Amino acid sequence: MKKNLRWKVILVLIVIGLAIFLAYPPGEKIHLGLDLEGGMHLVLEVITEDALSIETDQEILRLEEELKKKKLEYKIVAKEGISRFSIQEINPAQEREISDLLDDNFRDWNYSVTGSTVSVSLKPAAVNYLKDLSVKQAQETIQNRVDELGLAEPTIQRQGTGNRIIVELPGVENPDRIKNIIKTTALLEWRLVLGGPAPDQETLLRDLGGEIPPDQEVLKGDPERTEGGYYLVSKVAPVTGQDLINARRSVDEWNNPAVLFTLNAEAGRRFYKFTSDNLNKPLSIILDGKIQEVATIRDRIPDRGVIHGTFTVEQAEDLALILRAGPLPATVKYLEERSIGPSLGKDSIRKGLSSMVIALILVIVFMVFYYRLSGFNAVAALTLNILIIMGILGYLGENAVLTLPGIAGIILTIGMAVDANVLVFERIREELSSGKNVWSSIASGFSRAFRTILDANVTTIIAAIFLFQFGTGPIRGFAVTLIIGITASMFTAVFVSRLIFDLTQSRKKKREKLSI
Amino acid sequence: MQIFKQPHFKFMKYKYIAFAFSGIIIISGIINITKGKGLTGGIDFTGGTLVQIRFKNPYPIADLRQAFRDAELGSPRLQRLEEEGEREYIIRTTSPELETEQDQEAHEIMGNRIVDVLTKGEDRSALARGLADLNNIDTDELTSILLPSFPENTQEIASMIINLRESDDFKGIIENYDQLLEAGIDQKVVDFLKEKTFMGSLSVKRRESVGPQVGSELKTRATQATIWALIGMLIYIGLRFKFAYGVSAILTLAHDVLFTLSIFSFTNREINLPVIAAVLTIVGYSLNDTIVIFDRVRDNIKAMRKHHFEDILNTSLNQTLSRTVITSGTTFLTVFALFVFGGEVINDFAFTMIIGVIIGTYSSIYQSCPLLFFWNKIFKPKKGMGK
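The structure presented is a predicted model; accordingly, all values stated were derived computationally and were not measured.

### Side note on the overall build of chain B
Line of reasoning, step 1. Scanning chain B from N- to C-terminus turns up 15 helices and 8 strands.
Line of reasoning, step 2. Its C-alpha atoms give chain B a radius of gyration of 28 Å, clearly above 21 Å, the size a compact globule of 387 residues would have.
Line of reasoning, step 3. Principal-axis analysis of the C-alpha atoms places the extent of chain B at approximately 95 × 55 × 35 Å.
Line of reasoning, step 4. The buried share of chain B, taken over its 387 residues, is 44%.
Line of reasoning, step 5. Pairs at least 24 apart in sequence give 76% of the contacts found in chain B among residues at least 6 apart.

Here it is, written out as structure tokens:
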């Protein structure tokens with residue numbers, strides 16, 4: 001064997017070994033996309049305006065307290081928008097003091113005074129900060145909830161610096177349940193019930209002359225948990241979900257599923273005092289603005305309590321989980337969902353692989369039939385090509401998951417990679433028929449076809465690169481396998497095929513016929 | 001073996017027929033797209049919902065339509081999976097026109113309603129009685145149901161049952177409890193499950209819902225990918241060829257895209273992301289065929305100085321014919337395998353590849369060279385067509 005041939009053989013063997021090492025065992029090394037493994041891909045948008053609005057509400061409450069404390073006159077603090085409010089009918093003589101108060105304690109806010117009205121609005125920097133913060137918090141909360149679910153390899157990412165969060169959960173068996181868990185805002189509040197239930201708002205407010213008192217509001221009972229109907233409840237909540245330190249599924253005294261919660265020490269003291277002051281009054285538990293349960297306060301409740309309701313075991317479990325993980329700072333909306341059940345994923349793997357095997361067999365049969373022994377050469381190159389694709393996929397791991405379009409890309413590569421062999425073989429045939437001997441025909445066949453092979457591959461790779469750049473999940477998988485496959489074909493169909501010819505023909509130097 | 005031994009087909013003789021053929025298809029396609037049925041965008045681009053549902057019992061397509069009509073859900077596009085009889089369907093709806101911010105999740109709600117409408121009353125009453133739907137619960141839920149009565153290896157029993165349900169034998173739906181027994185689940189467990197669970201009438205195997213906002217973004221991205229890929233190819237053509245060849249290659253490429261879209265406008269298929277990917281791949285593929293042929297033309301112009309340009313083109317086409325046919329043949333075989341055996345999810349992609357391979361091969365023979373011929377005839381480049 002010639003010396004440079006030996007090195008070539010060693011190089012090819014190293015490539016084979018490396019590819020096998022990187023790809024074996026394929027079940028572990030090659031990561032499957034959600035479309036094959038089953039699972040869900042969600043794109044959520046955090047409605048950051050919600051967070052701003054909540055912040056504004058809280059600041060209004062805080063301002064009112066301060067104004068009262070400092071005995072400053074005003075008629076009302078009115079919310080004008082998600083991040084704007086106005087203090088109306090102030091005493092012009094106290095304008096200076098109000099300005100000082102706003103300057104000292106409300107630094108994130110801009111204000112201007114016209115006559116007896118002070119218009120207050122959140123500074124743009126604070127707006128941006130709060131929006132950003134709410135997305136971060138939402139991401140964290142979703143991460144907590146998903147962690148609690150104990151799913152394998154979840155990814156929760158923020159899309160750039162925008163309001164979107166991408167959640168990818170492989171192997172999910174019940175997407176609806178997960179979607180509910182992720183989406184529930186889970187703002188839990190305990191508030192006093194001051195009226196109701198009534199079938200509609202008018203009946204509820206009849207005794208009050210149709211007006212809702214300023215410190216109260218009307219809420220509906222959650223139809224899944226209560227009888228429904230309308231209730232009049234206090235606006236303030238002495239304790240909320242923020243005060244929880246733990247929640248878990250349990251059973252109540254009738255052995256029905258319920259959620260047991262524990263408050264932190266400070267909230268426990270508050271709750272104890274609150275329940276003591278309001279003994280024998282009805283108390284409601286409100287989740288995301290819907291009343292879950294109304295019960296009469298029979299005892300002073302310290303730091304522990306139970307949420308009853310017509311739960312199934314699973315619903316109680318999920319509620320406890322959501323409460324443990326904490327509330328979302330704002331509502332979220334699903335912009336996109338793609339979920340594939342495990343059975344369909346398996347089905348796709350099976351169908352994808354069987355079409356790949358069939359395609360491979362068809363091409364092998366054709367090549368061997370058409371090019372005889374040289375066909376085997378092409379088959380060897382093709383096999384190595386597939387091996388290299390697998391090896392690189394194994395090496396890239398999570399960065400290049402195998403998707404169903406990815407399998408399609410491999411299948412397409414099978415068809416296209418032999419193109420390089422076909423170009424070479426056709427050239428060799430032409431050279432042979434023009435009367436050249438086997439050796440020089442092979443040599444000029446390879447060298448003359450090379451330019452064309454390069455051209456052919458460049459055009460396909462151009463398309464694949466832009467598909468990768470702009471494509472989403474599964475399509476990227478297609479672009480990846482196609483790019484790897486086409487690039488590898490330059491090595492396998494040119495370098496390796498030539499080497500095989502060199503090796504098989506070198507021993508019979510005077511051979512006049514080539515099986516092609 | 002050789003398919004063509006020294007072929008001498010007079011391809012160029014058919015150039016007018018080929019132009020007329022392509023012209024008719026493309027013009028009628030464009031008319032159909034602009035004035036007629038138009039192209040159906042998949043939910044990737046329009047926004048909307050796709051739900052793939054498997055039923056426990058056969059559900060005739062007419063009943064399905066009626067159910068949607070009764071629920072005033074309009075008429076979603078229904079596709080029956082032939083191999084599954086009347087048990088599995090893909091249901092697609094596009095997003096309604098949005099009027100308010102609130103409707104942003106309309107696609108989500110629509111998906112829920114579709115599933116809701118098709119859920120049988122008996123399922124609902126079983127759920128109301130507190131039973132769990134064995135065809136829709138996950139391993140966690142099943143574990144917590146089994147835990148009180150089978151505290152030992154609960155997890156194993158639960159995952160065995162769920163894995164069974166998701167296996168190729170059941171494809172997501174277990175029909176009755178006997179099947180569990182046959183599969184080797186303990187009699188006691190099955191008896192317990194009979195009390196606590198029921199076999200729901202349907203299972204959602206795939207669900208895609210795309211909001212209108214994301215839909216229009218995906219459309220933009222697909223458009224960008226297409227435009228950039230085409231620009232990339234144009235640059236490559238520009239670097240690689242003289243003007244006349246470049247123009248002919250670009251026209252051939254435009255022909256391929258228009259032809260494919262025309263065919264699409266006459267089918268019921270949707271244009272979705274995989275279809276765009278397939279079209280771009282095909283464009284690259286067809287271009288590569290064209291390049292191989294043009295390379296030959298250039299070589300032959302030097303070798304056949306005294307011949308007529310049309311003869312040179314014919315000779316070049318004949319010389320590259322074997323390669324064109326064989327490569328198209330192998331590629332066709334592979335995408336055909338994908339089309340037949342690849343399943344529903346990849347079917348649009350495979351279909352596009354199949355028609356694309358045919359169009360690409362046809363165009364590189366019957367469009368690229370005739371275009372070059374006419375360019376030469378009309379503009380008569382002074383330096384000739386060689387490089």
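There is more to say, and it comes next.
### Regarding the sheet that holds strand β1 (residues 39-46) of chain A
Line of reasoning, step 1. As summarised here, the arrangement of the 8 strands in space is β6(A)-β7(A)-β1(A)-β17(A)-β7(B)-β2(B)-β4(B)-β3(B), forming an open sheet in which the pairing is antiparallel. Two strands in the sheet have a free side with no partner beyond their single neighbour: β6 (155-158) of chain A together with β3 (77-80) of chain B. On average, each strand axis in the sheet is tilted by 20 degrees relative to the strand beside it, whichever way the strands run.
Line of reasoning, step 2. Relative to strand β7 (residues 202-210) of chain B, strand β2 (residues 48-55) of chain B runs antiparallel, the two sharing 8 bridges. Within β7(B), the residue paired with B:Val51 across the bridge is B:Arg207.
Line of reasoning, step 3. Lying on the sheet, helix α11 (residues 342-396) of chain A is in contact with β17 (332-340) of chain A together with β2 and β7 of chain B; it crosses β7(B) at an angle near 80 degrees.
Line of reasoning, step 4. Contacting β17 of chain A together with β2, β4 (88-94) and β7 of chain B, helix α4 (residues 106-118) of chain B runs over the sheet at an angle of about 25 degrees to β2(B).

### Structural notes on the nonpolar core
Line of reasoning, step 1. Counting residues in each nonpolar core, the largest one holds 197 residues, and the members touching the most others are A:Ile411 and A:Leu467.
Line of reasoning, step 2. Sorting elements by how many residues they give to this core places α11(A) first, with 17 residues.
Line of reasoning, step 3. Filtering out sequence-adjacent residues up to four positions away, A:Leu467 remains in contact with A:Ile475, A:Phe478, A:Ala479, B:Ala225, B:Ala277 and B:Leu280.
Line of reasoning, step 4. One finds B:Leu134, B:Leu180, B:Leu193 and B:Met199 within the second-largest nonpolar core, a separate group that totals 15 residues.

### Here we look at the sheet that holds strand β3 (residues 84-88) of chain A
All names here are of chain A.
Line of reasoning, step 1. The sheet built from 4 strands is open, its strands ordered β2-β3-β5-β4 with antiparallel pairing. Only two strands of the sheet have a single partner each, and these edge strands are β2 (76-81) and β4 (109-114). The mean angle between the axes of side-by-side strands here comes to 20 degrees, regardless of whether they run parallel or antiparallel.
Line of reasoning, step 2. When β4 meets strand β5 (residues 117-122), the two strands line up antiparallel, connected through 6 bridges.

### A word on the pairing of strand β8 (residues 188-198) of chain A
All names here are of chain A.
Line of reasoning, step 1. Counting buried residues along β8, 8 of its 11 residues qualify, which places the element largely inside the surrounding structure.
Line of reasoning, step 2. Two strands pair when backbone bridges link them, and β8 and strand β14 (residues 282-287) are joined in this way by 5 bridges, in the antiparallel orientation. Residue Leu-192 lies in a different strand from β14, and its bridge partner there is Leu-283.
Line of reasoning, step 3. Sheet analysis places β8 next to strand β11 (residues 239-240), joined by 2 bridges and oriented antiparallel. Each bridged residue has a counterpart across the sheet, and for Glu-189 the counterpart in β11 is Thr-240.
Line of reasoning, step 4. The pairing of β8 with strand β10 (residues 230-234) spans 3 bridges and is classified as antiparallel. Counterpart to Val-193 in the pairing with β10 is Val-233.

### Brief notes about the confidence of the model for chain B
Line of reasoning, step 1. For chain B, the average pLDDT comes to 88, and 95% of its residues sit at 70 or higher.
Line of reasoning, step 2. Quick note on the complex model: pTM equals 0.85, ipTM equals 0.90.

### Looking at helix α15 (residues 368-379) of chain B
Residues and elements named next belong to chain B.
Line of reasoning, step 1. Here α15 is 12 residues long and its end C-alpha atoms lie 16 Å apart, about the 16 Å a rise of 1.5 Å per residue gives.
Line of reasoning, step 2. For α15, the set of buried residues is Ser-368, Cys-369, Pro-370, Leu-371 and Leu-372.
Line of reasoning, step 3. Of the residues one or two after α15, Lys-380 is the one with positive phi, at around 40 degrees.

### Section: unusual backbone geometry
Peptide bonds are, in most cases, trans, and in most cases residues other than glycine have a negative phi.
Line of reasoning, step 1. With an omega dihedral of -10 degrees, the bond running from A:Tyr24 to A:Pro25 counts as a cis peptide bond.
Line of reasoning, step 2. Note on placement: A:Pro25 falls in the loop between α1 (3-23) and α2 (26-29).
Line of reasoning, step 3. You will see that A:Ala186, though not glycine, has its phi angle at about 65 degrees, which is positive.
Line of reasoning, step 4. Relative to the assigned elements, A:Ala186 resides in the loop between α7 (175-183) and β8.
Line of reasoning, step 5. Classification of A:Ala186 by C-beta neighbours within 10 Å gives buried; the count is 20.
Line of reasoning, step 6. The phi dihedral of B:Glu72 is positive, around 55 degrees, even though this residue is not glycine.
Line of reasoning, step 7. For B:Glu72, the location among the structural elements is in the loop between α3 (61-70) and β3.
Line of reasoning, step 8. On the neighbour-count criterion, B:Glu72 (8 C-beta atoms within 10 Å) is exposed.

### So, the interface of chain A and chain B
Size of an interface: often given as the accessible area lost when the parts come together.
Line of reasoning, step 1. Chain A puts 65 residues into the contact, and the matching count from chain B is 68 residues.
Line of reasoning, step 2. For the side of chain A that touches chain B, the leading source of residues is α11(A), giving 18 residues.
Line of reasoning, step 3. Counted by class, the side of chain A that touches chain B contains 34 nonpolar, 16 polar and 15 charged residues.
Line of reasoning, step 4. Note that β17(A) and β7(B) share 5 bridges and pair antiparallel. When the sheet's bridge partners are listed, A:Arg338 is paired in β7(B) with B:Glu208.

### So, α4(B)
Given 3.6 residues per turn, any residue in an α-helix points the same way as the ones three and four places further on.
Line of reasoning, step 1. The end-to-end C-alpha separation of α4(B) is 18 Å, in line with the 18 Å expected for 13 residues at 1.5 Å each.
Line of reasoning, step 2. For α4(B), every residue scored as buried is listed here: B:Ala106, B:His107, B:Glu108, B:Met110, B:Gly111, B:Ile114 and B:Leu118.

### Some details on the environment of B:Ile173
All names here are of chain B.
Line of reasoning, step 1. Tracing the backbone shows Ile-173 in the loop between α7 (154-165) and α8 (177-182).
Line of reasoning, step 2. It is 5.7 Å that separates the C-alpha atoms of Ile-173 and Asn-135, two residues lying 38 residues apart in sequence.
Line of reasoning, step 3. Sequence-distant contacts of Ile-173, defined by excluding residues within four places in its chain, comprise Arg-54, Lys-56, Asn-135 and Ser-203.

### Some details on the packing of helix α13 (residues 438-470) of chain A against helix α10 (residues 212-240) of chain B
Line of reasoning, step 1. Two elements in contact, α13(A) and α10(B), have axes separated by 8 Å at closest approach and are oriented at 155 degrees. Judged by the inter-axis angle, α13(A) sits roughly antiparallel to α10(B). In this structure, α13(A) crosses over α10(B), and the sense of that crossing is right-handed. Touching A:Asp455, A:Val458, A:Thr459, A:Ile462, A:Ala463, A:Phe466, A:Leu467, A:Gln469 and A:Phe470 of α13(A) are B:Arg221, B:Gln224, B:Ala225, B:Trp228, B:Ala229, B:Gly232, B:Met233, B:Tyr236 and B:Arg240, all from α10(B).
Line of reasoning, step 2. Across the contact of α13(A) with α10(B), the residue classes break down as 11 nonpolar, 4 polar and 3 charged.

### Description of the packing of helix α12 (residues 273-303) of chain B against helix α14 (residues 347-366) of chain B
Any two packed helices are characterised by how steeply their axes cross, that is the angle between the axes, and by the distance between the axes.
All names here are of chain B.
Line of reasoning, step 1. Across the interface, α12 lies against α14 with an axial gap of 9 Å and an inter-helix angle of 20 degrees. On the basis of their axis angle, the class for α12 and α14 is roughly parallel. As for how α12 packs across α14, the hand of that crossing is right-handed. Touching Pro-274, Val-275, Ala-277, Ala-278, Val-279, Ile-282, Tyr-285, Ser-286, Asp-289, Thr-290 and Ile-293 of α12 are Asp-348, Phe-349, Thr-352, Met-353, Gly-356, Gly-360, Thr-361, Ser-363 and Ser-364, all from α14.
Line of reasoning, step 2. Residues that form the contact of α12 with α14 fall into these classes: 10 nonpolar, 8 polar and 2 charged.

### Focus on the pairing of β14(A)
Line of reasoning, step 1. Burial within β14(A) is extensive, with 5 of its 6 residues counted as buried.
Line of reasoning, step 2. Between β14(A) and the antiparallel strand that follows it, strand β15 (residues 290-296) of chain A, lie 2 residues; A:Asp288 among them carries a positive phi value of about 50 degrees.

Definitions and cut-offs
Each chain carries its own residue numbering, running from 1 in the direction its sequence is written. Whichever chain is written first is A, and whichever ligand is written first is 1; the rest continue in order. A pLDDT threshold of at least 70 governs which residues receive local features in this predicted model, and a stricter bar of 80 or more applies before side-chain atom pairs are shown or counted, although totals over entire chains, interfaces and linings include all residues. Here a strand is any run of E in DSSP of at least two residues, a helix any run of H or I of at least four, and the numbering for each starts at the N terminus. With C-alpha atoms as the basis for the radius of gyration, the globule rule is written as 2.2 Å multiplied by the number of residues raised to the power 0.38. Neighbour density around each residue's C-beta defines its exposure: 20 or more other C-beta atoms within 10 Å make it buried, 12 or fewer make it exposed, and counts between make it partly exposed, where C-beta atoms are placed from the backbone. Once C-beta atoms have been placed from the backbone, residue pairs whose C-beta atoms lie within 7 Å are recorded as contacts. Any two strands between which DSSP finds at least two bridges are classified as paired. Interaxial angles span 0 to 180 degrees and are taken between N-to-C directions of axes, which are lines fitted to C-alpha atoms, for helices over the stretch in contact. To count as a nonpolar core, a set of buried Ala, Val, Leu, Ile, Met, Phe, Trp, Tyr and Cys residues must be joined through C-beta atoms within 7 Å. A residue's pLDDT is the confidence the predictor assigns to it, expressed on a 0 to 100 scale. Take the number of residues in a helix, subtract one, and multiply by 1.5 Å to get its expected span. Note on residue categories: nonpolar means Ala, Val, Leu, Ile, Met, Phe, Trp, Tyr, Cys or Pro, charged means Asp, Glu, Lys or Arg, and polar means any other residue, Gly included. Any angle between 65 and 115 degrees counts as roughly perpendicular, while under 35 counts as roughly parallel, over 145 as roughly antiparallel, and the rest as oblique. In a left-handed crossing the near helix is turned counterclockwise from the far helix by less than a right angle, and in a right-handed crossing that turn is clockwise.

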